[in-house]
Amino acid sequence: MPHSRITDLNLARNPIKRDSAIVLAAALPRSRIARLDLAYTNTQGKGVEALAQAATSSTTLTALNLAYNSICDADCFVLADAIRRTSNLKILNLKGNKIGKAGCSALLNTPLRILDLSYIQVDEGVGPILATLDNPHLTSLKLTKTLMGNAGWRLLAGGLKNLKSLDLSYTNLNLEGVLHLTHHLPGAKLLRTLALGGHDDGFGFRCAEALASVLPHTRITNLDLGRNKIGETGCSALAVALPNTRITSLNLAKNNIHNTGCSALAAALPNSSITDLNLYSNLTNSIGCLALADVLPSTLIKTLDMYGNFISAPGCFTLASVLSNTQITTLDLGETGIFEDGCSALAEALPNSCITSLNLYCNFIRARGVTALAGALLNTHITTLNLWDN
């Protein structure tokens, strides 16, 4: 390895354990490795100590993945000390480890730029820890499925001011938490990416309404609200706010917005900055697709995900008829029930479109649909095509 040109090394899910980790660590300072993945390798204790020591001597190591290794607070102290003594290691993934309040605190106060503490179950939640966070170095924090604690959402605001990216997906977020969060979002001047997906019944339309009311006062450009069941009402509230926001990427996957929500969203899109729109599996059919198709030529959308919405052949006809006038390069129509007729209409439109990536998974397009596509492909820009299970 010292004489190798390898810069990315993935050893995840190998039974490395302590002795092998120590040998690997000894070679790191003389290697070119910049990103090392040791997830699920049972690297802990002496192995972590050896890696931490190697990190302080390495001039190239910038990212280390130690997810799911049963790492404890004592290991975190060792890592934190090493991170403070090296100017290179900036990205650390400790997802799914047995880290407590003390370990989290130690890591949150290091020069790390990106830290993943997802699936960490601190008894009292990580909210109180984040309340005292004042780290000018940390710009991205991932807390997926991490318990915030009863007072966590109220206290979380203290750690927002320096973050550019915050992932709170699949946590215990509810209306009370959203209200605390939205109260402080306008003050988070650097925050650009916010992920709040995966809360199902705990989120709902009231949370969407609360969030929509402050979005125009934030600088958020990437918003993930997937799997929150915001419904038609919540989607309509977001649609009203969108033209006054800076959002360019919006994920509303699995939110049960139906045709009404889709139509409200469509009306707002021409006056928004949205370039990436995910409407995966939202119980929308050809009516919602028609509303979208009518406005797509007047939008900035380049990526459109309609996977799992039964737009059927009529919906595909309307979409195909406007493709040549849109900026769409990535189109996902997996499991949308377009069948042979819809695929044929799409094939006819492709040569005059900007599409480079197309997903038609499980649409029963049969031989006629495939033949129509084959006849059109040579005259298209498509580089990625998924026809699995057709």
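Position numbers for residues count from 1 along each chain, tracking the sequence in the order it is written. Two thresholds apply to this predicted model, a pLDDT of at least 70 for residue-level local features and 80 or more for giving and counting side-chain atom pairs, whereas whole-chain, interface and lining totals are computed over all residues. Based on all heavy atoms of the structure, the side-chain values leave hydrogens and waters out of the count.

**Topic: the packing of helix α3 (residues 73-85) against helix α4 (residues 101-108)**
Point 1. Taken N-terminus to C-terminus, the directions of α3 and α4 make an angle of 10 degrees; their axes are 8 Å apart at the nearest point. Taken together, the axis directions place α3 and α4 in an arrangement best described as roughly parallel. Of α4, the residues touching α3 (which contributes Asp73, Cys76, Phe77, Leu79, Ala80, Ile83 and Arg84) are Lys101, Ala102, Gly103, Ala106 and Leu107.
Point 2. Note that Gly is not counted as nonpolar here; it falls among the polar residues with everything else outside the nonpolar set of Ala, Val, Leu, Ile, Met, Phe, Trp, Tyr, Cys and Pro and the charged set of Asp, Glu, Lys and Arg. Here the residues of the contact of α3 with α4 sort into eight nonpolar, one polar and three charged. To obtain each axis, a line is fitted to C-alpha atoms, and for helices this fit is confined to the stretch in contact; angles are then taken between N-to-C directions over 0 to 180 degrees. Strands are runs of DSSP state E lasting at least 2 residues, helices are runs of H or I lasting at least 4, and numbering of each runs from the N terminus. For classification purposes, an angle smaller than 35 degrees is called roughly parallel, one larger than 145 roughly antiparallel, one from 65 to 115 roughly perpendicular, and anything else oblique. Note on definitions: a residue-residue contact is assigned when non-hydrogen atoms from the two residues lie within 4.5 Å.

**Regarding the pattern of salt bridges**
Point 1. When a carboxyl oxygen of Asp or Glu is within 4 Å of a side-chain nitrogen of Lys or Arg, the pair counts as a salt bridge. One pass over the full model with this rule turns up five salt bridges.
Point 2. Between Glu340 and Arg368 there is a salt bridge whose closest N-O contact spans 3.8 Å. Pair noted here: Glu340 is in helix α13 (residues 339-349) and Arg368 is in helix α14 (residues 366-377), with a separation of 28 residues, a long-range link.
Point 3. Of the charged contacts, one joins Arg368 and Asp341 as a salt bridge, the two residues approaching to 2.7 Å between their closest N and O atoms. A residue pair is termed long-range when its members are at least 10 positions apart, and Arg368 in helix α14 and Asp341 in helix α13 qualify at 27 residues.
Point 4. Type-normalised accessible area, obtained with a 1.4 Å probe on protein chains alone, sets the label of each residue: buried when under 20%, exposed when over 50%, and partly exposed for intermediate values. According to the relative accessible area criterion, Asp341 is partly exposed, its value standing at 41%.
Point 5. The structure contains a network of salt bridges with shared partners spanning Glu340, Asp341 and Arg368.

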